[in-house]
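# Coordinate inspection notes
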Amino acid sequence: MILTANEKNILRFLATRCGEEHSINEIGKLCEISPSGAHKVLLKLKKEGVLKTRNIANIKVYDLDFDGETTRSVLELAFLPEPVKGRVLFRANDVQPLRSVTKACLLFGSYSTSKRNPEDMDILCIIEKKKFTTVKNVLEEVKEKTPLPVHEVLQTMNDIQKNITGKDPVVVDALQKGIVLWGAREIVEVIQTCHQKK
């Protein structure tokens, strides 16, 4: 299955909204997609077994459906790293030393957008608690070699679950809009756990 940009956008939006259900209009507005475009995507994903619906009065609301096997694999596609180019490629190369000591890494904030001259780079890394000191040491090396300030958000699997559930704006924004450099499977594992706990 190949996902369109709108499908990825909606899936990542729903993934970061544990315990919430949204109507077509809400999803369209919050994902900056027309209601008819959102409706088309939601119908396709429901047909594929990725979404479940229920009616509240006369409004149909949508959420991820982890009861089947499809949702996890489709969600991994939404978080799969895409080929990076230009300035993002250079920064992705700068943080590569972190790959061996982290479970996942996302580039987010101004550097991941089309902002012309970002002043810093934000990364979110999912780590194991026992590797915290090692990650910090590698991160210091990365910061020395990177030509602009690096601001890190280090999260264990438990930390990120709590922050998704608690709707922490930094973590939610990074997961929804950030550029995944590695760790799609681990990100989806955390999201599935959040959705199944609700």
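First things first, this report covers the structure right here in the doc. No experiment lies behind these values; they were computed from the predicted model shown.

Criteria and cut-off values
Residues numbered from 1 in each chain as written. Predicted model: local features only at pLDDT ≥ 70, side-chain atom pairs only at ≥ 80, totals over all residues. Heavy atoms only, no water. Helix = DSSP H or I, 4+ residues; strand = E, 2+ residues; numbered from the N terminus. Rg over C-alpha atoms; globule rule 2.2 N^0.38 Å. Contact = heavy atoms within 4.5 Å. Areas by Shrake-Rupley, 256 points an atom, 1.4 Å probe, with all protein chains shown as cover. Lys, Arg positive; Asp, Glu negative; His and termini not counted. Charge placed at Lys NZ, Arg CZ, Asp CG, Glu CD. Pairing = 2+ DSSP bridges. Axes fitted to C-alpha atoms, helices over the stretch in contact; angles between N-to-C directions. Buried < 20%, exposed > 50% of the residue type's maximum accessible area, 1.4 Å probe, protein only. Arc of directions from axis to C-beta. Parallel < 35°, antiparallel > 145°, perpendicular 65-115°, else oblique. Left-handed = near helix turned anticlockwise from the far one by under 90°. Nonpolar A, V, L, I, M, F, W, Y, C, P; charged D, E, K, R; others polar.

Before going further, it helps to spend a moment on the overall build of the protein chain. Counting secondary structure elements, the protein chain contains nine helices and seven strands. Relative to its length of 198 residues, the protein chain is compact, with a C-alpha radius of gyration of 17 Å against a globular reference of 16 Å. Taken along its principal axes, the extent of the C-alpha atoms in the protein chain is 55 × 35 × 30 Å. Taking the contacts inside the protein chain whose residues are at least 6 apart along the sequence as the reference set, 69% of them involve residues at least 24 apart. When the accessible surface of the protein chain is split by element, carbon and sulfur atoms take 50% of a total near 10500 Å². Across the protein chain, the mean location of the 31 positive side-chain charges is 2 Å away from that of the 26 negative side-chain charges.

Taken in spatial order, the four strands line up as 6-5-4-7 in an open sheet, and their pairing is mixed. On the outer flanks of this sheet lie strand 6 (150-155) and strand 7 (179-182), each paired with one strand and no other. Ignoring strand direction, the axes of neighbouring strands in this sheet form an average angle of 25 degrees. When strand 5 (residues 121-126) meets strand 6, the two strands line up parallel, connected through six bridges. Residue pairing across strands places Asp122 opposite His151, the latter belonging to strand 6.

Here the focus is unusual backbone geometry. In the Ramachandran plot, Ala57 falls in the positive-phi region, its phi being about 60 degrees despite a non-glycine side chain. Looking at where Ala57 falls in the secondary structure, it is placed in the loop between strand 2 (51-56) and strand 3 (59-64). When its relative accessible area of 76% is taken as the criterion, Ala57 is described as exposed. A positive phi angle, close to 60 degrees, is found at Lys167, a residue other than glycine. Turning to its location among the elements, Lys167 is positioned in the loop between helix 7 (157-165) and helix 8 (169-177). Taking the relative accessible area as the measure of exposure, Lys167 reaches 40% and is therefore partly exposed.

Residues Val88, Arg91, Ala92 and Asp94 constitute the buried set of helix 5 (residues 86-94). On an axial view of helix 5, the arc spanned by its buried residues comes to 155 degrees, and they lie on one face. Packed against the buried residues of helix 5 are strand 4 (104-108), strand 5, helix 6 (132-145) and strand 7.

The next point concerns the packing of helix 1 (residues 5-15) against helix 4 (residues 70-79). Where helix 1 contacts helix 4, the two axes come as close as 9 Å, and the packing angle between them is 110 degrees. When the axes of helix 1 and helix 4 are compared, the pair comes out roughly perpendicular. Crossing of helix 1 over helix 4 shows left-handed handedness. Taken together, the residues of helix 4 that come into contact with helix 1 (itself represented by Lys8, Leu11, Arg12 and Ala15) are Val74, Leu75, Leu77, Ala78 and Phe79.

So, on to the packing of helix 1 against helix 3 (residues 35-47). Taken N-terminus to C-terminus, the directions of helix 1 and helix 3 make an angle of 75 degrees; their axes are 10 Å apart at the nearest point. Taken together, the axis directions place helix 1 and helix 3 in an arrangement best described as roughly perpendicular. Contacts between helix 1 and helix 3 pair Asn6, Glu7, Ile10 and Leu11 from the former with Ala38, Val41, Leu42, Lys44 and Leu45 from the latter. By residue class, the composition of the contact of helix 1 with helix 3 is six nonpolar, one polar and two charged.

The next point concerns the sheet that holds strand 3. With antiparallel pairing, three strands are arranged side by side in an open sheet as 1-3-2. Both edges of this open sheet fall to strand 1 (22-23) and strand 2, since each of them pairs with a single strand only. In the sheet, strand 1 pairs with strand 3 via two bridges, with the strands oriented antiparallel. Its bridge partner lying in strand 3, His22 is registered against Tyr62. Running at roughly 85 degrees to strand 3, helix 1 makes contact with strand 1, strand 2 and strand 3 of the sheet.

Everything listed here is a matter of coordinates, which is why it stays silent on function.
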